[in-house]
Number of protein chains: 2
Amino acid sequence: MSVTVVGSIAFDAVKTPFGVRERMLGGSAVHFALAASFFDEVRVVGPVGDDFGPEHVAVLADRGVHTDDIERVPGSTFFWSGVYGWDLNDRETLDTQLNVFANFEPKLSESSRASDVLFLANIQPDLQRQVRAQCAEARFVALDSMNLWIETARTSLIKAISEVDCLILNDAELRQLTKEPNLVLAARKVRGWGPRVVVAKQGEYGAAMVTEEGFFALPAFPLETVVDPTGAGDSFAGGFVGYIAAHPHEPPHHELLCRAMAYGTALASFNVEEFGTERVARLSSDEIHDRVAELGRMTRFIEKPLTLRG
Amino acid sequence: MSVTVVGSIAFDAVKTPFGVRERMLGGSAVHFALAASFFDEVRVVGPVGDDFGPEHVAVLADRGVHTDDIERVPGSTFFWSGVYGWDLNDRETLDTQLNVFANFEPKLSESSRASDVLFLANIQPDLQRQVRAQCAEARFVALDSMNLWIETARTSLIKAISEVDCLILNDAELRQLTKEPNLVLAARKVRGWGPRVVVAKQGEYGAAMVTEEGFFALPAFPLETVVDPTGAGDSFAGGFVGYIAAHPHEPPHHELLCRAMAYGTALASFNVEEFGTERVARLSSDEIHDRVAELGRMTRFIEKPLTLRG
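Residues numbered from 1 in each chain as written. Chains lettered and ligands numbered in written order. Predicted model: local features only at pLDDT ≥ 70, side-chain atom pairs only at ≥ 80, totals over all residues. Heavy atoms only, no water.

Overview of the pattern of salt bridges
- Applying the stated criterion to the full structure yields 37 salt bridges over all chains.
- Put simply, Glu204(A) and Arg175(B) hold a salt bridge, and the shortest N to O gap is 2.7 Å. You can see Glu204(A) sitting in the loop between strand 11 (197-201) and strand 12 (207-211) and its partner Arg175(B) sitting in helix 7 (residues 171-178), one on each of two chains.
- You can call Glu204(A) partly exposed: its relative accessible area is 34%.
- For the salt bridge of Arg259(B) with Glu250(B), the shortest nitrogen-to-oxygen distance reads 3.8 Å.
- For Arg259(B), a relative accessible area of 2% puts it in the buried group.
- On the basis of relative accessibility, which here comes to 25%, the residue Glu250(B) falls in the partly exposed class.
- Members of the salt-bridge network, linked through shared partners, are Glu250(A), Glu255(A), Arg259(A) and Lys304(B). (Salt bridge = Lys/Arg side-chain N within 4 Å of Asp/Glu carboxyl O. Helix = DSSP H or I, 4+ residues; strand = E, 2+ residues; numbered from the N terminus. Buried < 20%, exposed > 50% of the residue type's maximum accessible area, 1.4 Å probe, protein only.)

And the structure:
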């Protein structure tokens, strides 16, 4: 079985309190694919320009990611540049050059269409729907989006969401999309549109999930040094969706999804420890397992009987 | 054994998306005391004015809280008024009238001084130190503060913090106090000043704790309806500190503190379900236990072996 991801492949220029990088491999599909590659075969669908060299392909290929559906288009690769503030919670986009991404029409090979799990990273919602339609047999489909599409293509976006199993969105965007400030009610509204699973990404505070069986939440893994938050959300999605893909014979029930949240949290935490894809690209299985185990210890309390003064 | 709390007793006027209340019993000492009253005897130290009637004393007394050290002073009781925005995360203070609180000099009876657990709610740090000195025998002392004292009395505040076992602070204020945006490093800095335990209150995202044994975090309990967030932090502190007080023969080790976090989280969640003190005043022991158990289910994932593609 395998996971197909459709999204951006990019070069990022990033400034954080820990340094500056002028040009790094990035993009939602890349961060997702590297994280998910620990769990299953991954196929990346997205466009790159003439400036995308074999050394960039190698970052994905070295992790066993299938790059056949990376489409080469004359022009430059999608470029994003941003700067993070003192506490890394605020980021300002300095420049976005869509380049070859502007006219992206996803073309999925037979293998990519045959994946049993699909992640629709943040692209125009009508394109997400096209891809979804091409992967009619996928047993689990998750979708991410962003404020731009909520503001400019809300109706299309809600249609796209209605056709997937799981929405993964930043919590501020979940509020904006649903016009509902309360997370429980926002998730209920989204679940009314179709998805069985709603995940709110909460940045440094972690992530929360709502399914038919209820609520689940984990904090972000605590780190002394967060070097570059870019791609954390997509790395989370890669760990989360990848974990589901790694269990092809088990339907994604609540308890499995809770474990998936832990793996997503672990992958996101590695991603932010270094710039770009550096840390995840050389990650080991043991490091992932250790971090998930540590996260368990950091969130588990043992109930003991106590008589209260009622 | 018992808990003494020194802090404000107030009338609050609050406007939230769910309604308006012109004059409710509030204040940090009141919210703390009601929450802690489920765990141990509680003694409240703080000033009130002529407008503080027997019906207000009764709210505390009905929960078994000792009110002998509530000092009656000619004038009006401390008054605070504020308005909450659409998503309840932003609040604007409209009015603060210190009234009898302006010249507060804490006077502790022998019984209050003899408490084995002490909570120094948010008051001027030099007053916190005076109280701390009067309770020399207390086995566990926790302290809260706010941006006002960080900005106007930082040196005194750090001295006060250095004399307690536990700092409980909003995470934005923890950053401001330590000038350190990273929670792990901020907590380490505070622990270097003296406290063994640092708790960062994170509002709707819950709370995180750092002790010598490491990190622990819990999300806020998810609620469909948050009516009035006023006092959530003090209710959290009441549940947390109260839980420690309920275990007089057990030193507050990491695992006990993790359980205390769960009870703090539960008490805070009840507090915000209704205006002012209404919900906690009529809370039952079973409701608290049920919510703690539910919180456990909402944060626990079961690790299972999985071979990753390393």
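We are not done yet, so read on.
So, the pairing of strand 2 (residues 10-16) of chain A
All names here are of chain A.
- With respect to burial, strand 2 is a largely interior element, six of its seven residues being buried.
- Two strands pair when backbone bridges link them, and strand 2 and strand 3 (residues 19-26) are joined in this way by six bridges, in the antiparallel orientation. Within strand 3, the position partnered with Thr 16 by the bridge is Gly 19.
- Taking the residues that link successive antiparallel strands as the turn, the strand 2-strand 3 hairpin has two residues.
- Where strand 2 lies against strand 6 (residues 78-84), six bridges are found, and the strand directions are parallel. Paired with Ala 13 across the bridge in strand 6 is Ser 81. (Pairing = 2+ DSSP bridges.)

Focus: the relation of the copies chain B and chain A
- It takes a turn of 180° to lay chain B on chain A, together with a shift of 0.0 Å along the axis; the resulting RMSD is 0.0 Å. Taken together, the rotation and translation describe the operation of a two-fold axis.
- A share of 100% of interface residues in chain B that are also interface residues in chain A marks the association as one of identical surfaces. (Least-squares fit on C-alpha atoms with pLDDT ≥ 70 in both. Contact = heavy atoms within 4.5 Å.)

Describing the interface of chain B and chain A
- Facing the 58 residues of chain B at the interface are 58 residues of chain A.
- Carbon and sulfur atoms supply 57% of the area buried between chain B and chain A, which totals about 5200 Å² over both sides.
- It is Phe301(B), Leu308(B) and Arg309(B) in chain B that bury the most area against chain A; as a group they hold 15% of the surface buried on that side.
- Connecting chain B to chain A are eight salt bridges.
- Between Arg188(A) and Glu224(B) there is a salt bridge, with its nearest N and O atoms 2.4 Å apart.
- Summed over the shared surface of chain B and chain A, the number is 28 residue pairs in polar contact (both at pLDDT 80 or more).
- Within the residue set of the side of chain B that touches chain A, elements represented by two or more residues are helix 7, helix 8 (183-193), strand 13 (214-218), helix 10 (254-271) and helix 12 (285-297) of chain B.
- Residue classes in the side of chain B that touches chain A are distributed as 29 nonpolar, eleven polar and 18 charged. (Buried area = accessible area lost by both parts, 1.4 Å probe. Polar contact = N/O pair within 3.5 Å; in protein donor to acceptor, adjacent residues only side chain to side chain. Nonpolar A, V, L, I, M, F, W, Y, C, P; charged D, E, K, R; others polar.)

Thoughts on the sheet that holds strand 11 (residues 197-201) of chain B
Residue and element names in this part refer to chain B.
- Sheet architecture is open: nine strands sit in the order 5-4-1-8-9-10-11-12-13, paired in mixed fashion. The sheet terminates laterally at strand 5 (70-72) and strand 13, the two strands that pair on one side only. The average angle at which neighbouring strand axes cross in this sheet is 15°, direction not considered.
- Across the sheet, helix 7 lies against strand 10 (166-170) and strand 11, angled at about 110° from strand 10, the strand it touches most. (Axes fitted to C-alpha atoms, helices over the stretch in contact; angles between N-to-C directions.)

Remarks on helix 8 (residues 183-193) of chain A
Residues and elements named next belong to chain A.
- Among the residues of helix 8, Val 184, Ala 186, Ala 187 and Val 190 are the ones counted as buried. One side of helix 8 carries all its buried residues, which in axial view fall inside an arc of 160°.
- In this fold, the buried residues of helix 8 make contact with helix 6 (154-162), strand 10 (166-170), helix 7 (171-178), strand 11 and strand 12.
- Sitting at the head of helix 8, Asn 182 places a side-chain oxygen 2.9 Å from the backbone nitrogen of Val 184.
- Just past helix 8, the residue Gly 194 takes up positive phi, approximately 150°. (Arc of directions from axis to C-beta.)

Remarks on the packing of aromatic side chains
- All chains considered together, the criterion is met by 17 aromatic pairs over all chains.
- Ring centres of Phe78(B) and Phe101(B) lie 5.2 Å apart, and the angle between their planes is 10°; on these two criteria the pair is classed as stacked. Taken together, the positions of Phe78(B) in strand 6 (residues 78-84) and Phe101(B) in the loop between strand 7 (91-97) and helix 3 (110-113) put the pair 23 residues apart, joining distant regions of the chain.
- With a centroid separation of 5.5 Å and an interplanar angle of 20°, the aromatic rings of Phe101(B) and Phe104(B) are classed as stacked.
- Clustering of aromatic rings is evident, with ring pairs tying together Phe39(A), Tyr243(A) and Tyr263(A).
- When the ring centre of Phe301(A) is taken as reference, the NZ or CZ atom of Arg300(B) above it lies at 5.5 Å. (Phe/Tyr/Trp six-rings, centres within 6.5 Å; stacked < 30°, edge-to-face > 60°. Lys NZ or Arg CZ within 6 Å of the ring centre and 35° of its normal.)

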